[in-house]
Amino acid sequence: EVALYEFNEGYIEKAYSDICESVALYPTTNSNGIKALLAMYLSDYDSVIESCEFNLTHGDTHPFIRRLYASALTSKGRYQEAINQHTILIDADRHDIAALYNRGLCYDRIGQDYKALADYQEAVKYDGLIEFDDYATVYNNIAYWYIVHNQIQNAVEPTRKALNLNHTQGFIWDTDGE
């Protein structure tokens, strides 16, 4: 409780220090979940991974824990492991736009660009149906995929959709300029 209070008051480092002490004394899935969240705020991905692995091996398979775990794995360049976690999330909820998008990013990083495109395209099927904050980036990634694969004409529509959703992102304008 003290760590959550400190976190809410903006003392993230202090909250993290306190929760680490708590985990060392009483390692529970609840305290490790809080530790993972605070570690993510501090970009301590090794600690996120350690806490999430504790939780997953102790029966806490909540999607939030898997998301933190997959995100930390991605940040550490452990893309195949992250893909596995995103796949578990997608298998549990095939409409999980964030997991589809993030798995696509991981596929992209390991050179499986056709699988990346398939995930991006699956994600945008739900545009207008399921709330997701970053459809513009997903459309942009589709457009960029077509540009990289010398299919410029196919990039026009997703670029326009990306710009219509978010015309303030410079990277989308960069794609449009390609």
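Everything numeric here is computed off the predicted structure, so don't read it as measured data.

J.: Outline the overall build of the protein chain, supporting the account with residue identities and numerical values.
T.: Of regular secondary structure, the protein chain possesses 11 helices and zero strands. When the 178 residues of the protein chain are sorted by exposure, 43% land in the buried category. When contacts within the protein chain are restricted to residue pairs at least 6 apart in sequence, those whose partners lie at least 24 apart make up 40%. When the accessible surface of the protein chain is totalled, it reaches about 9900 Å², and 50% of it is carbon and sulfur. With 13 positive and 27 negative side-chain charges, the protein chain shows a spacing of 6 Å between the two charge centroids.

J.: Describe the environment of His86, and please don't skip the residues or the numbers.
T.: Along the chain, His86 turns up in helix 6 (residues 79-92). Sequence-distant contacts of His86, defined by excluding residues within four places in its chain, comprise Ala70, Thr74, Ala99, Asn102, Arg103 and Cys106.

J.: Lay out the nonpolar core with the relevant residues and their values.
T.: In this structure, Ile19, Leu38, Val48, Cys52, Tyr120, Tyr135 and Val138 are the most contacted members of the largest nonpolar core, which totals 48 residues. A total of eight residues in this core trace back to one element, the largest contributor, which is helix 9 (residues 135-148). Discounting chain neighbours no more than four positions away, the residues touching Cys52 are Ala36, Ile65, Leu68 and Tyr69.

Conventions adopted
- Residues numbered from 1 in each chain as written.
- Predicted model: local features only at pLDDT ≥ 70, side-chain atom pairs only at ≥ 80, totals over all residues.
- Heavy atoms only, no water.
- Helix = DSSP H or I, 4+ residues; strand = E, 2+ residues; numbered from the N terminus.
- Buried < 20%, exposed > 50% of the residue type's maximum accessible area, 1.4 Å probe, protein only.
- Contact = heavy atoms within 4.5 Å.
- Areas by Shrake-Rupley, 256 points an atom, 1.4 Å probe, with all protein chains shown as cover.
- Lys, Arg positive; Asp, Glu negative; His and termini not counted.
- Charge placed at Lys NZ, Arg CZ, Asp CG, Glu CD.
- Core = buried A, V, L, I, M, F, W, Y, C linked by side-chain atoms within 4.5 Å.

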